[in-house]
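Now for the letters of each chain:
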Amino acid sequence: MITAWLLYIATGAFAGVLAGLLGVGGGLVIVPMLNFVFHIIELPGDYIQHLALGTSLASIMFTSVSSLRAHHQRGAVVWPIVKAITPGILIGTFLGSKVAAHLSTQFLSAFFVVFLYYVAAQMLMNIKPKATRQVPGALGMFGAGGVIGGVSSLVGIGGGTLSVPFMTWCNVALHTCIGTSAAIGFPIAIAGTAGYIVNGLDAALPGWEAGYLGFIYLPALVGVAATSIITAPLGARLAHSLPVGKLKKIFAFLLLAMGTKMLWPLIAPYFA
């Protein structure tokens, strides 16, 4: 149990830095790490990925607030974009969590692995959409928010890997894309957490006295959130002084390694 707590703390510390540095909510690290730890401590196997996703989004509530405050102090958050995209984010994320509740943990794990590979390839090849248009109107922002929120809820992230390219496409400056993405992560986390709680209450899981609140595993949430709050402002400061492009490539290889580790248990039975 002590090992699990140490892993929660380490995961939160790393995720917090990433949230501030790269504009991601840390879920790309939190989800695979929690999946790994939850297997070790033998949480209910049918819901391990659900719990990893729900707990990740719950922790991002704290990480995103810490990160967005640091970026806001540097004037790197475009609040009109946050305001316009939030309605779609809230609805898309909540509906996405409802869909996830009816999917198997194996399917959700496989979907997450595919998403990790996609993000890693995007970072390694430095794929960026060309700034070919301006920020859309209310309907366009609602639709974009719905898509970003829906996908984010299925992979337990704060949406940075989707919202940053979207804003880049809309001709928003990169440093404000990262700061604005951190702010967008908060409504994603709020709606996702609510969705995974509500939709997890009917699952065959122990109650809150055993540490479960729907698809949120409270001990992991406490450990991850406690350290991510502290390290997110550090990541935001580093974003203005470190070569983020090079760091993204290093992070991409880490994603490939984590994705492969999650993939192997899913395909190993076919080679037995």
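For clarity, every value in this text was computed on a predicted model and none was experimentally measured.

Undergrad: Now, about helix H6 (residues 138–155): what can you tell me, with residues and values included?
TA: Along its 18 residues, H6 runs 26 Å from first to last C-alpha, staying within 8% of the 26 Å computed at 1.5 Å per residue. Here H6 has its buried residues at Met 141, Ala 144, Gly 145, Ile 148, Gly 149, Gly 150, Ser 152, Ser 153, Leu 154 and Val 155. Buried positions along H6 lie against helix H2 (27–40), helix H3 (48–73), helix H4 (79–101), helix H5 (105–124), helix H7 (160–169) and helix H8 (174–198). Positive phi appears at Gly 156, one or two residues downstream of H6, with a value of about 70 degrees.

Undergrad: With reference to specific residues and values, describe the packing of H4 against H6.
TA: For any two helices packed against each other, the geometry is given by the interaxial angle and the distance between the axes. Running from amino to carboxyl end, H4 crosses H6 at an angle of 40 degrees, the nearest separation of the two axes being 6 Å. Relative to H6, the element H4 lies oblique. Between H4 and H6 lies a crossing of right-handed hand. For the pair formed by H4 and H6, the contact residues are Ile 81, Ala 84, Ile 85, Pro 87, Gly 88, Ile 89, Ile 91, Gly 92, Thr 93, Gly 96, Ser 97 and Ala 100 on the first element and Met 141, Phe 142, Gly 145, Gly 146, Ile 148, Gly 149, Gly 150, Ser 153 and Leu 154 on the second. For the contact of H4 with H6, the per-class residue count stands at eleven nonpolar, ten polar and no charged.

Undergrad: Which residues make up unusual backbone geometry, and what values do they have?
TA: One non-glycine residue, Glu 42, lies in the positive phi region at around 60 degrees. Here the phi dihedral of Asn 171 falls at roughly 70 degrees; this positive angle occurs in a residue that is not glycine. By the secondary structure assignment, Asn 171 is in the loop between H7 and H8.

Undergrad: So what's going on with the environment of Met 125? Residues and values would help.
TA: Here Met 125 lies in the loop between H5 and H6. With 124 residues separating them in the primary sequence, Met 125 and Lys 249 have C-alpha atoms 8.6 Å apart.

Undergrad: I'd love a proper account of a nonpolar patch on the surface, names of residues and values included.
TA: On the surface, Leu 90, Ile 91, Phe 94, Leu 95, Phe 142 and Val 198 cluster together to form a nonpolar patch covering roughly 490 Å² of accessible area. The element contributing the most residues to the nonpolar patch is H4, with four residues. Owing to a relative accessible area of 46%, Val 198 belongs among the partly exposed residues under this scheme.

Undergrad: Can you break down the nonpolar core residue by residue, with the values?
TA: Across soluble globular proteins, you tend to see nonpolar side chains buried next to one another. Ranked by size, the top nonpolar core spans 69 residues in total, and within it Tyr 8, Leu 28, Leu 34, Phe 38, Phe 166 and Leu 255 carry the most contacts. No other element matches H3, which puts nine residues into this core. Not counting chain neighbours up to four residues away, the residues in contact with Leu 34 comprise Tyr 8, Ala 52, Thr 55, Ser 56, Ala 220 and Val 224.

Undergrad: So what about the side chain of Ser 153? Which residues, and what values?
TA: Tracing the backbone through its elements, the reader meets Ser 153 in helix H6. By relative accessible area, which is 0% here, Ser 153 ends up buried. A polar contact is formed between the side chain of Ser 153 and the backbone oxygen of Gly 150, at a distance of 2.7 Å. Excluding residues that lie within four positions of it along the chain, Ser 153 makes contacts with Leu 53, Leu 57, Gly 92, Thr 93, Gly 96, Ser 97 and Tyr 196.

Undergrad: Explain the side chain of Thr 231 to me, and be specific about the residues and the numbers.
TA: Mapped onto the elements of the fold, Thr 231 is located in helix H9 (residues 218–238). The buried category is assigned to Thr 231, whose relative accessible area is 13%. Once residues lying within four places of it in the same chain are set aside, the contact partners of Thr 231 are Gly 12, Ala 13, Gly 16 and Val 17.

Undergrad: Now, about the packing of aromatic side chains: what can you tell me, with residues and values included?
TA: For any pair of aromatic rings, the description consists of the separation of the ring centres together with the inter-plane angle of the planes. Taken as a whole and judged by the stated rule, the model has eight aromatic pairs. With centroids separated by 6.3 Å and ring planes inclined at 55 degrees, the aromatic side chains of Phe 166 and Trp 169 adopt a geometry described as tilted. Here Trp 169 and Phe 166 lie together in helix H7, a separation of three residues that amounts to about one turn. In this structure an aromatic cluster arises from ring pairing among Phe 38, Tyr 212 and Tyr 217. One residue, Arg 133, lies across the ring of Trp 169, its end atom 5.2 Å from the ring centre.

What counts and how
- All chains use their own residue numbering, which begins from 1 and follows the written sequence.
- Per-residue local features of the predicted model are confined to residues with pLDDT of at least 70, and side-chain atom pairs are confined, for both listing and counting, to 80 or more; whole-chain, interface and lining totals are unaffected and use all residues.
- Hydrogens and water molecules were not included; the side-chain quantities draw on all heavy atoms of the structure.
- Comment: elements are numbered from the N terminus, with helices defined as DSSP H or I runs of at least four residues and strands as E runs of at least two.
- To estimate how far a helix should reach, multiply one less than its number of residues by 1.5 Å.
- Accessible area is worked out with a 1.4 Å probe on protein chains only. A residue is then buried under 20% of its type maximum, exposed over 50%, and partly exposed in between.
- The contact rule is simple, with two residues in contact once any of their heavy atoms fall within 4.5 Å.
- Angles here are taken between N-to-C directions and fall from 0 to 180 degrees, while the axes themselves are lines fitted to C-alpha atoms, restricted in helices to the stretch in contact.
- Working rule for angles: under 35 degrees goes down as roughly parallel, over 145 as roughly antiparallel, 65 to 115 as roughly perpendicular, anything else as oblique.
- Here is the rule for handedness: rotate from the far helix to the near one, and if that takes an anticlockwise turn smaller than a right angle the crossing is left-handed, while a clockwise turn gives right-handed.
- All amino acids are sorted into three groups, where Ala, Val, Leu, Ile, Met, Phe, Trp, Tyr, Cys and Pro are nonpolar, Asp, Glu, Lys and Arg are charged, and the leftover types, Gly among them, are polar.
- Distance thresholds for patches are 9 Å for like charges and 5 Å for nonpolar side chains (Val, Leu, Ile, Met, Phe, Trp, Tyr), applied to residues having over 30% relative accessible area and no salt bridge.
- Each accessible area is a Shrake-Rupley estimate made with a 1.4 Å probe; only the visible protein chains count as cover when residues are assessed.
- The salt bridge criterion pairs a side-chain nitrogen of Lys or Arg with a carboxyl oxygen of Asp or Glu, the two atoms within 4 Å.
- Definition used in this section: a nonpolar core is a set of buried Ala, Val, Leu, Ile, Met, Phe, Trp, Tyr and Cys residues joined via side-chain atoms within 4.5 Å.
- Polar contacts, as counted here, are pairs of nitrogen or oxygen atoms within 3.5 Å of one another; within protein the pair requires one atom able to donate a hydrogen and one able to accept it, and residues that are adjacent in sequence qualify only if both atoms are side-chain atoms.
- Stacked, edge-to-face and tilted are the three classes for Phe, Tyr and Trp ring pairs, Trp counted by its six-membered ring, which pair at centre distances within 6.5 Å; planes under 30 degrees apart are stacked, over 60 edge-to-face, the rest tilted.
- Our definition puts a charge over a ring when NZ of Lys or CZ of Arg is within 6 Å of the ring centre and also within 35 degrees of the ring normal.

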